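One letter stands for each residue in the lines below.
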Amino acid sequence: MTTTGTRGVTLGQAGREFWRHPTPWMILALVVGAVGARAVVGGLALRDLWAPLVLALLYPFVEWVIHVFILHWRPRELGRITVDTLVARDHRRHHANPRDIDLVFIPTPTLRWLIAAIVALPLGIGAIAGAPVSATLSFIVVESLILMGYEWTHYLVHTDYKPRHRFYKAVWRNHRLHHFKNEHYWFSVTTSGTSDRVLGTYPDPATVETSPTAKNLHGSLN
């Protein structure tokens, strides 16, 4: 059943609705599993913090790249074959109806693969590089927390919870501009435009025309 946002919701109401959906629980299981594994291994050392710190610094740009090149993927024709992806199709549906809360969450099939990659890739690369298991698990903990932060922030922006603090207000404003002003700018979701400022997609809204395809990406609903 489709659930749309309720006008004037409180943070508590938004939180209760958040936990009625499956993907937050899937991510929470990842967080708990990663933290539990890290606690069992023990031996926290300063070296464990380097990779997570680099990840945290690079994440705004990773998020930008994913949003631009994966979520906003334009279907391409290769002969008789149309190259498209489930996640891009779902994102087009999300733009078509930004108030449909069910479309705000990471698609469940996509999240399954993402969680597998978040666990398997660091473990595999860490093993090849000879990195301590403790350091690899610390990295996975940070990855899982970032993923939960993304899911919660993106969800909250699309509810009718009104911003009360400066940082969240900036995040809220940027993503709303992306959806309702022009889909070619403001690709940051969890930051106040860090990557957009660096990569040239953070214009003055007053200088940008309202896009006729903000709710119909690429001008072709499907």
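Residues numbered from 1 in each chain as written. Predicted model: local features only at pLDDT ≥ 70, side-chain atom pairs only at ≥ 80, totals over all residues. Heavy atoms only, no water.

Labelled according to an unreviewed UniProt entry, the protein chain appears under the name Fatty acid hydroxylase, originating from Mycolicibacterium llatzerense.

**Student:** Would you take a moment to explain the UniProt feature "transmembrane region" (unreviewed entry) in the protein chain for this structure?
**Tutor:** Feature annotation in UniProt places "transmembrane region" (unreviewed entry) on residues 25–44, 50–71, 113–131 and 137–157, given in this structure's numbering. Summarising residues 50–71: 100% helix, 0% strand, and an end-to-end C-alpha distance of 29 Å. (UniProt positions renumbered as here; feature names shortened; annotations may be inferred. Helix = DSSP H or I, 4+ residues; strand = E, 2+ residues; numbered from the N terminus.)

**Student:** Help me out: how do you make sense of the packing of aromatic side chains in this one?
**Tutor:** By the definition in use, this model includes eleven aromatic pairs. Taking 6.3 Å as the distance between ring centres and 70 degrees as the angle between the ring planes, the aromatic pair formed by Trp64 and Phe69 counts as edge-to-face. Under the relative-accessibility criterion, Trp64 is labelled buried at 11%. Seen in terms of ring centroids, Tyr185 and Trp186 are 5.7 Å apart; in terms of plane orientation they differ by 65 degrees. Their pairing is edge-to-face. We classify Tyr185 as partly exposed; its relative accessible area is 27%. (Phe/Tyr/Trp six-rings, centres within 6.5 Å; stacked < 30°, edge-to-face > 60°. Buried < 20%, exposed > 50% of the residue type's maximum accessible area, 1.4 Å probe, protein only.)

**Student:** How should I be thinking about the environment of Ala135 in this particular structure?
**Tutor:** Along the polypeptide, Ala135 turns up in helix H6 (residues 133–157). Judged by its relative accessible area of 14%, Ala135 is buried.

**Student:** Would you mind going over the packing of helix H1 (residues 11–18) against H6 with me for this structure?
**Tutor:** Across the interface, H1 lies against H6 with an axial gap of 11 Å and an inter-helix angle of 120 degrees. As judged from the angle between their axes, H1 and H6 are oblique. Both H1 and H6 take part in a crossing whose hand is right-handed. On the side of H1, the interface is formed by Leu11, Ala14, Gly15, Glu17 and Phe18, while H6 contributes Met148, Glu151, Trp152, Tyr155 and Leu156. (Axes fitted to C-alpha atoms, helices over the stretch in contact; angles between N-to-C directions. Parallel < 35°, antiparallel > 145°, perpendicular 65-115°, else oblique. Left-handed = near helix turned anticlockwise from the far one by under 90°. Contact = heavy atoms within 4.5 Å.)

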